[in-house]
Amino acid sequence: MPSEFMTAALAEAESALGTTSPNPAVGAVVVRDGRIVGRGRTQPPGGAHAEVMALREAGEAARGATVYVTLEPCSHHGRTPPCVDALLAAGVAEVRYAIGDPDQQVSGRGDANLRAAGVRVESGDGAAESARLLEAYLHHRRTGRPLVIVKFAVSLDGRIAAASGDSRWVSGPEARAWAHRERTRLDAIAVGSNTVLVDDPELTARPEGVVDPHQPLRVVLDSQGRISPTARVLRNGGALVVTTAASSAAWRASVVAAGAEVLEVPASSDGRVSLPALLDALGGRGVLSMLVEGGGTLLGAFFDQRLVGRLYAVIAPVIIGASKAPSAVAGVGAERMRDAPRLRDLTVERLGEDTLIAGVPVWPDATDEGGDG
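Residues numbered from 1 in each chain as written. Predicted model: local features only at pLDDT ≥ 70, side-chain atom pairs only at ≥ 80, totals over all residues. Heavy atoms only, no water.

Visitor: Can you walk me through the environment of Tyr-97 in this structure?
Guide: Secondary-structure assignment places Tyr-97 in strand β4 (residues 94-99). In this structure the C-alpha to C-alpha distance between Tyr-97 and Gln-215, which are 118 residues apart in sequence, comes to 30 Å. Residues contacting Tyr-97, with those up to four places away along its chain left out, are Met-6, Val-69, Leu-71, Glu-72, Pro-73, Asp-111, Val-121, Glu-122, Ser-123, Gly-124 and Asp-125. (Helix = DSSP H or I, 4+ residues; strand = E, 2+ residues; numbered from the N terminus. Contact = heavy atoms within 4.5 Å.)

And the structure:
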C-alpha cells in the first residue's frame, strides 16, 4: 500500500486524468513536519507541472521539506522548465517518487540530477498504483501509440442489441453514468461508421447529464465515406473522421464543411482503415488513450490484431436470445479456446443492476504486455 502522503499525491494525479495529454497526469504533495503544506497536479499543456504547483502552494515552507510525486521529476526543457530545477530552487531536502519516467528525455536523469545536488531520493512508494494511473502514458512512451481501451455493454447472452438493431438501452442508468464519467478521463473515443449510421451518437462526455468541460476527441472510422455530414457526432467541431482513398472528394468536403477534420490513412487488405496506421497517426498527435465503443466489426478487428490494451465489459441481467442480434466482438476470433485472450488484473464491480468486468487482455503466446500490437 502507498504511504499516506503518496496516496494524497495519487489522488491529485487521478484528478488530472484526461486534461494533460501529451503530458502525463502527475500529482505531488509537499510535506513539512508531518503535514502537507502544498498540493499540485499537472496542468493542461503549456501549464505548470505537478511539482511546481505544489511548491507554489507551499511557498517558503518547501525549504527543507519532502516532496512526494507520482512520477520521476523531469529534467529537460519542454513547454515548461525542468521540475528538477524548481525543486532545487525551492530547497527541498528529499524527493520520493513512485515510478521512473520512461521518456527518453528523462529516464533516470531527474533522479541522478537530484542526487548530484545533494537531495535525498527514494523511489517505489505507490509504484503499482501510479503505473495503473499512468498506463496510457507508459504505453505511449513504449510504442508511440495510444492505449486502446475497448468498452461494450452486453446482455447475459453476449448481445449488444436486439434483432432489429435497437440497443437503447442494454445497460442501466448507473452503468451509463459510469461510462460518461470515464469519457472525461480519456483523450479520444472511437466508433465505426455502422455505429454512426445506426445509433447516430454524439460521443460526448456528459456526466450527471451535463456536458463536461473536457471532451475527448471524437473519432469515426469510415473507410468508404458513408456517414452523413448531418450526423450528430460532427456537431460543434472536435471530430476526426478517418477514411481511405476509397472515399470521394465531394463527401470529404461535406464532412469538412460540417466542422470535422478528415484524415486519410492507408487501407488494410480488406479495404478498411488500417488500425496500426490510425494508432500511429493519433500517437503522433499526442493522444495517449482511446476508448473504442463499437460496433462489433470494429472491436473484432482490434482484437484480431491484438491492439487492445484494456477491456471494460458491462454485463446486463437481460437475455436477448435472437440469432440475428449483433454480438459485442465479431472478426475472425479464436479458432480454439486455447487461442482466446484472457484477462489479467481482473476487477469486478456492480453498477446498479449491471456488472462491470475490467482487465488487460493477454494472448496465450504473447511475449509481452497485451495491447502493444
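Visitor: Whenever I open this one, the packing of helix α2 (residues 50-58) against helix α3 (residues 83-90) confuses me. Can you help?
Guide: Each pair of packed helices gets described by two things: the angle between the helix axes and the distance between those axes. At their nearest, the axes of α2 and α3 sit 9 Å apart, and the two run at 20° to each other. The angle between α2 and α3 falls in the class roughly parallel. When you trace α2 past α3, the crossing you get is left-handed. Mapping the contact onto sequence places Glu-51, Val-52 and Leu-55 in α2 and Cys-83, Ala-86, Leu-87 and Ala-90 in α3. Of the residues assigned to the contact of α2 with α3, the class counts are six nonpolar, no polar and one charged. (Axes fitted to C-alpha atoms, helices over the stretch in contact; angles between N-to-C directions. Parallel < 35°, antiparallel > 145°, perpendicular 65-115°, else oblique. Left-handed = near helix turned anticlockwise from the far one by under 90°. Nonpolar A, V, L, I, M, F, W, Y, C, P; charged D, E, K, R; others polar.)

Visitor: Would you mind showing me how to read the sheet that holds strand β3 (residues 66-71) here?
Guide: Two orientations exist for strands paired in a sheet by backbone hydrogen bonds: parallel and antiparallel. Strand order in the open sheet formed by five strands is β2-β1-β3-β4-β5, with mixed pairing between adjacent strands. The two strands at the open ends of the sheet, each matched to only one other strand, are β2 (35-41) and β5 (120-123). Each adjacent strand pair in this sheet contributes to an overall mean axis angle of 20°, direction not counted. In this structure, strand β1 (residues 27-32) lies alongside β3, joined through four bridges in antiparallel fashion. Across the sheet, Ala-28 pairs through a bridge with Val-69, a residue of β3. Against the sheet, α2 contacts β1, β2 and β3, and its axis sits at roughly 140° relative to β2. (Pairing = 2+ DSSP bridges.)

Visitor: Would you mind going over the side chain of Ser-247 with me for this structure?
Guide: Mapped onto the elements, Ser-247 comes out in the loop between β9 (239-243) and α9 (249-257). Relative accessible area serves as the criterion here: at 6%, Ser-247 is assigned to the buried category. Here Thr-243 takes part through its side chain, which lies 3.0 Å from a polar atom of the side chain of Ser-247. Excluding anything up to four places from it in sequence, Ser-247 contacts Ser-223, Gln-224, Gly-225 and Arg-252. (Buried < 20%, exposed > 50% of the residue type's maximum accessible area, 1.4 Å probe, protein only. Polar contact = N/O pair within 3.5 Å; in protein donor to acceptor, adjacent residues only side chain to side chain.)

Visitor: Would you take a moment to explain unusual backbone geometry for this structure?
Guide: In this structure, the amide linkage connecting Ser-21 to the following residue, Pro-22, adopts the cis form with an omega of 10°. Not every positive phi belongs to a glycine, and Arg-306 is a case in point at roughly 55°. Its place among the elements puts Arg-306 in the loop between α11 (296-304) and β12 (310-315).

Visitor: I keep staring at the pairing of strand β7 (residues 188-192) and nothing clicks. Help me out?
Guide: Regular strands show a simple pattern: their side chains alternate between the two faces of the sheet. The element β7 is largely enclosed, with a buried count of five among its five residues. Here β7 shows no split at all, with Ala-188, Ala-190 and Gly-192 on one side and Ile-189 and Val-191 on the other all buried. Where β7 and strand β8 (residues 217-221) come together, five bridges link them in parallel fashion. The residue bridging Ile-189 from the neighbouring strand is Arg-218, located in β8. Note on the crossover from β7 through helix α8 (residues 193-199) to β8: the handedness is right-handed. Both β7 and strand β11 (residues 289-294) contribute to a ladder of four bridges, which runs parallel. Paired with Ala-190 across the bridge in β11 is Val-292. (Right-handed = clockwise from strand over helix to strand, strands pointing away.)

Visitor: Mind showing me how you'd approach the side chain of Ser-193 here?
Guide: Within the secondary structure, Ser-193 is located in helix α8. On the basis of relative accessibility, which here comes to 9%, the residue Ser-193 falls in the buried class. In this structure, Ser-193 is in contact with Val-220, Leu-221, Asp-222, Arg-226 and Ile-227, ignoring residues within four places of it in sequence.

Visitor: How should the packing of aromatic side chains be read in this particular structure?
Guide: Each aromatic ring pair is characterised by the separation of its centres together with the angle its planes make. Taken as a whole and assessed by the stated rule, the structure comprises three aromatic pairs. Measuring from centroid to centroid gives 5.4 Å for Phe-5 and Tyr-68, while their planes differ by 50°, and the two rings are tilted. On the criterion of sequence distance, the pair formed by Phe-5 in helix α1 (residues 4-15) and Tyr-68 in strand β3 is long-range, its members being 63 residues apart. The exposure class assigned to Phe-5 is buried, which follows from its relative accessible area of 14%. Between Trp-178 and Tyr-312, the aromatic rings sit 5.2 Å apart at their centres with planes inclined by 80°, giving edge-to-face as the arrangement. Separated by 134 residues along the polypeptide, Trp-178 in helix α7 (residues 173-183) and Tyr-312 in strand β12 bring together distant segments of the chain. Tyr-312 carries the same exposure label as Trp-178, and that label is buried. (Phe/Tyr/Trp six-rings, centres within 6.5 Å; stacked < 30°, edge-to-face > 60°.)

Visitor: Whenever I open this one, the nonpolar core confuses me. Can you help?
Guide: Grouped burial of nonpolar side chains is what soluble globular proteins tend to show. Residues Val-30, Leu-55, Val-95 and Leu-234 are the most contacted members of the largest nonpolar core, which totals 71 residues. Among the elements that take part in this core, α1 stands out by supplying six residues, more than any other. Those residues in contact with Leu-234, other than ones at most four positions away along the chain, are Ile-227, Ser-228, Pro-229, Ala-239, Val-241, Val-255, Ala-258 and Ala-260. Within the second largest apolar cluster, 31 residues are counted, among which are Leu-263, Leu-275, Val-287 and Leu-311. (Core = buried A, V, L, I, M, F, W, Y, C linked by side-chain atoms within 4.5 Å.)

Visitor: How do you make sense of the packing of α3 against helix α4 (residues 109-116) when you look at a structure like this?
Guide: Where α3 meets α4, the axes come as close as 10 Å, and the angle between the chain directions of the two elements is 20°. With respect to α4, the element α3 is oriented roughly parallel. Crossing hand, α3 versus α4: right-handed. Taken together, the residues of α4 that come into contact with α3 (itself represented by Val-84, Leu-87 and Leu-88) are Gly-110, Asn-113 and Leu-114.

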